[in-house]
Amino acid sequence: MKNTDTGQPPFITLGDVTKRWSNGVTVLDGIRLDAERGDFISLIGPSGCGKSTLLRLLSGLTPISDGTVTIDGMAPVAAREIMSFIFQDATLLPWRTVQGNVELGLELAGNTTAAARREACGGLLRLVGLSDVAGHYPRQLSGGMKMRVSIARALATRPKLLLMDEPFGALDEMTRDFLNEEVLRLREVDRFTTFFVTHSVAEAVFLSTRILVMSAKPGRVAREIAVPFPFPRTSALRSAPEFLERVGEVSAALRTVKGAH
Amino acid sequence: MRKMFKEALWPAAVFLAVLALWQGACTVFRIPPYVLPSPPQVFATVVERHASLVAAFRITAVEAVGGYLMSIVVGVLVALVFAQSPVVRRSLFPYTILLQTVPIVAVAPLILMWFKSGASSVMLVAFIICVFPIIANTTQGLISVPRNLVDLFAMANASRASQLLKLRLPHALPSLFVGLRISAGLSVIGAITGELFASSNAVGEGGLGYSITYANSQLQTDYLFALVITTSVMGCLFFFTVTGLEWLCLRHWHESAMKVDAD
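So, a few notes on the structure that sits alongside this text. Everything numeric here is computed off the predicted structure, so don't read it as measured data. Numbering of residues begins from 1 in every chain and follows the order in which that chain's sequence is written. The order in which chains are written sets their letters, starting at A; the order in which ligands are written sets their numbers, starting at 1. Note on the predicted model: pLDDT of at least 70 is required for a residue's local features to be given, and 80 or more for side-chain atom pairs to be given and counted; whole-chain, interface and lining totals, by contrast, use all residues. No hydrogens and no water enter the side-chain calculation; it runs on all heavy atoms of the structure.

**Let's talk about the overall build of chain B**
- Each helix and strand counted, chain B has 11 helices and zero strands in total.
- Helical segments are the DSSP runs of H or I of at least four residues, strand segments are the runs of E of at least two, and each set is numbered from the N terminus. Secondary structure elements of chain B occur, N-terminal to C-terminal, as α-α-α-α-α-α-α-α-α-α-α.
- Counting only C-alpha atoms and orienting by the principal axes, one finds that chain B spans roughly 75 × 55 × 30 Å.
- Counting over 263 residues, chain B shows a buried share of 39%.
- To measure how exposed things are, a 1.4 Å probe is used in the Shrake-Rupley method; for residues, cover is taken only from the protein chains shown. As displayed, chain B offers around 14500 Å² of accessible surface, 72% of which is attributable to carbon and sulfur atoms.
- Considering chain B, the positive charge centre built from 16 side chains and the negative charge centre built from 11 side chains are found 9 Å apart. Burial classes follow relative accessibility: with a 1.4 Å probe on protein chains only, a residue under 20% of its type's maximum area counts as buried, one over 50% as exposed, and anything between as partly exposed. None of His or the chain ends enter the tally, which takes Lys and Arg as positive and Asp and Glu as negative. Just so you know, the charge point we use is NZ for Lys, CZ for Arg, CG for Asp and CD for Glu.

**So, the packing of helix α4 (residues 143-155) of chain A against helix α5 (residues 173-189) of chain A**
All names here are of chain A.
- Where α4 contacts α5, the axes come no closer than 11 Å and their chain directions differ by 15°. With respect to α5, the axis of α4 lies roughly parallel. Here α4 runs over α5; the crossing is right-handed. Residue-level contacts link Gly-144, Met-147, Arg-148, Ile-151 and Leu-155 of α4 to Thr-175, Phe-178, Leu-179, Glu-182, Val-183 and Leu-186 of α5. Inter-axis angles, ranging from 0 to 180 degrees, are taken between N-to-C directions of lines fitted to C-alpha atoms, where helices are fitted over the stretch in contact. Just so you know how the angles are binned, under 35 degrees is roughly parallel, over 145 roughly antiparallel, 65 to 115 roughly perpendicular, and the rest oblique. Throughout, a crossing is termed right-handed when the near helix is turned clockwise from the far one, and left-handed when it is turned anticlockwise from it by less than a right angle. Note on definitions: a residue-residue contact is assigned when non-hydrogen atoms from the two residues lie within 4.5 Å.

**Considerations on the packing of aromatic side chains**
All names here are of chain A.
- For Phe, Tyr and Trp, where Trp contributes only its six-membered ring, two rings pair if their centres lie within 6.5 Å, and the inter-plane angle classes them as stacked under 30 degrees, edge-to-face over 60, or tilted in between. Summed over all chains, the structure comprises 10 aromatic pairs over all chains.
- Residues Phe-85 and Phe-87 carry aromatic rings whose centres are separated by 4.5 Å and whose planes lie at 20° to one another, so their mutual orientation is stacked. Across the pair, Phe-87 and Phe-85 agree in class, each one buried.
- Here Phe-168 and Phe-196 contribute two aromatic rings whose centre-to-centre distance is 6.0 Å and whose plane-to-plane angle is 50°, an arrangement assigned as tilted. With a gap of 28 residues between them, Phe-168 in the loop between β6 (161-165) and α5 and Phe-196 in strand β7 (residues 193-197) connect regions that are remote in the sequence.
- Residue Phe-196 is classed as buried on the basis of its relative accessible area of 0%.
- For a lysine, the NZ atom is tested; for an arginine, the CZ atom; a charge sits over a ring if that atom is within 6 Å of the ring centre and within 35 degrees of the ring normal. Sitting over the ring of Phe-231, Arg-187 keeps its end group 4.3 Å from the ring centre.
- A cation over a ring is seen here: Arg-233 above Phe-231, with NZ or CZ 4.1 Å from the ring centre.

**Thoughts on the interface of chain B and chain A**
- In this assembly, 20 residues from chain B lie in contact with 22 residues from chain A.
- Once two parts are joined, some of their accessible surface, as seen by a 1.4 Å probe, is lost; buried area is that loss totalled over both. Here chain B packs against chain A, burying approximately 2000 Å² in sum over the two surfaces, 67% of which is carbon and sulfur.
- When the area that chain B buries against chain A is broken down by residue, the three leading residues are Met-155, Lys-166 and Trp-253 of chain B, summing to 33%.
- Any Lys or Arg side-chain nitrogen located within 4 Å of an Asp or Glu carboxyl oxygen qualifies as a salt bridge. Joining chain B to chain A, the criterion identifies two salt bridges.
- Residue Lys-166 of chain B pairs with Glu-107 of chain A through a salt bridge whose shortest N-O separation is 2.8 Å.
- Any pair of nitrogen or oxygen atoms within 3.5 Å is treated as a polar contact; in protein, a donor-acceptor pairing is required on top of that, and neighbouring residues in sequence qualify only through side-chain atoms on both sides. Counting the contacts that link chain B with chain A gives six residue pairs in polar contact (both at pLDDT 80 or more).
- Looking at the side of chain B that touches chain A, the elements that each hand over two or more residues are α7 (147-155), α8 (160-198) and α11 (255-262) of chain B.
- Only Asp, Glu, Lys and Arg are considered charged in this grouping, and only Ala, Val, Leu, Ile, Met, Phe, Trp, Tyr, Cys and Pro are considered nonpolar; every other residue, Gly among them, is considered polar. Grouping the amino acids of the side of chain B that touches chain A by side-chain chemistry returns 11 nonpolar, five polar and four charged.

**As for the pairing of β6 of chain A**
Residue and element names in this part refer to chain A.
- Burial within β6 is extensive, with five of its five residues counted as buried.
- Side chains Leu-161, Leu-163 and Asp-165 of β6 all project onto a buried face; the interleaved residues Leu-162 and Met-164 project onto the opposite face, where all are buried too.
- For two strands to count as paired, DSSP must find a minimum of two bridges between them. Summarising the sheet, strand β5 (residues 83-86) and β6 pair through four bridges and their orientation is parallel. In the sheet register, Phe-85 faces β6, and the bridge partner there is Leu-163.
- Sheet analysis places β6 next to β7, joined by five bridges and oriented parallel. By the bridge assignment, Met-164 is partnered in β7 with Phe-196.
- Orient the strands so they point away from the viewer; a crossover is then right-handed if the path from the first strand over the helix to the second runs clockwise. Since β6 and β7 lie parallel, the crossover through α5 that links them has a hand, and here it is right-handed.

Here is the structure:
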């Protein structure tokens, strides 16, 4: 509702979104949320709070039981044109080279020539520093490299909305920190809006403009914490007192949520 | 090169030991050649009758390859149908198992009775024995695509056709090759079995299967041995051709081919 002064509707609106499984369990209950263009929203909470399910509802991969989701004026399935999903694992096609994997999105969209795809993806690979391994197959890459390829593939279609489902959970801390900075750097180039599921409080604070702390059974937004640090953010931020203070605040909120069960 | 030599050393030693035992048994127990010919006798027969061995090899190879190719086409098509719906799969799969469990020696004479006795009927026998491993393995490969990859294609609004061509088929390729390797050996067995029943009244000079029956009835045991060796050579040739093809197709990305790569 920040944009009321311009009269523009928010980029993404969730109106009382509810999700029930067929066995009657309510995973998400009455989620209300507006997101503006350029928002980086982290979802954090105990397992079973439905944060991954919320991403799947936004992507249209899982249908909503009740309520409405509007993305840039469209329903989720129609809005796939302008969004990309990054999964927990890199989900690369092992029979394609790095270049081939990054080209996949554009290739499936079907309105580009092979030469144009090569050109566009070559530029992107340079941007994420993967030019040297463009001809490599996924099995030759480390976990962190694979995830960078996955990110490059997601960005190749120039999405306006990026959904990231705990993409760095399986990586060691150094790689994770590095990729966090990488994501912010790419965000400076292409101002995409992001929903980011994570278990790491520090990661959420470092990346986000807003953090949604969720409670489980049923999944609800228990608290929203704004992160006002200006962009671009650098690794120096991680040792700043105000950063650590914000981490403490989110951790405390998370403990209250967990303590309730 | 030295490594290859080392690798070959032990199998070669075993081969020589078996030959020695064989020769020893022939000499010590004075086994008549029509029961067990000695290695030199078999070798002499191979050299002497190589023309008819090659001719028989050709006939059987054509039949085996014909049945094998048929089973690949039909097997992959059936697997594609099976992969489309669990209902179809559940209702038809038991019958494909039946295809595998019915003894081929019992079915072969029926096929040759129903259809014209000849190369095409023998191919049909080879086809029947080859098709099940291909159906089973390809279906498994097509339906075992990881959920996230399917979602990835859904997010890109991929058509059913590109999902099949760019995701399911490449993902099923390693499984298809498992089936192809099994069936490569089976195709030779199928062709030989078919010929045991087929060629007897059709042609004077048939394939390996027919020649085996002939050599057996004439007590030409040395020739019988030569024929068995020729058959094994054919089986190995098929198997290694398919394995080589598999390596070519999968070497960059699949575990099974990578292991060969690493050696």
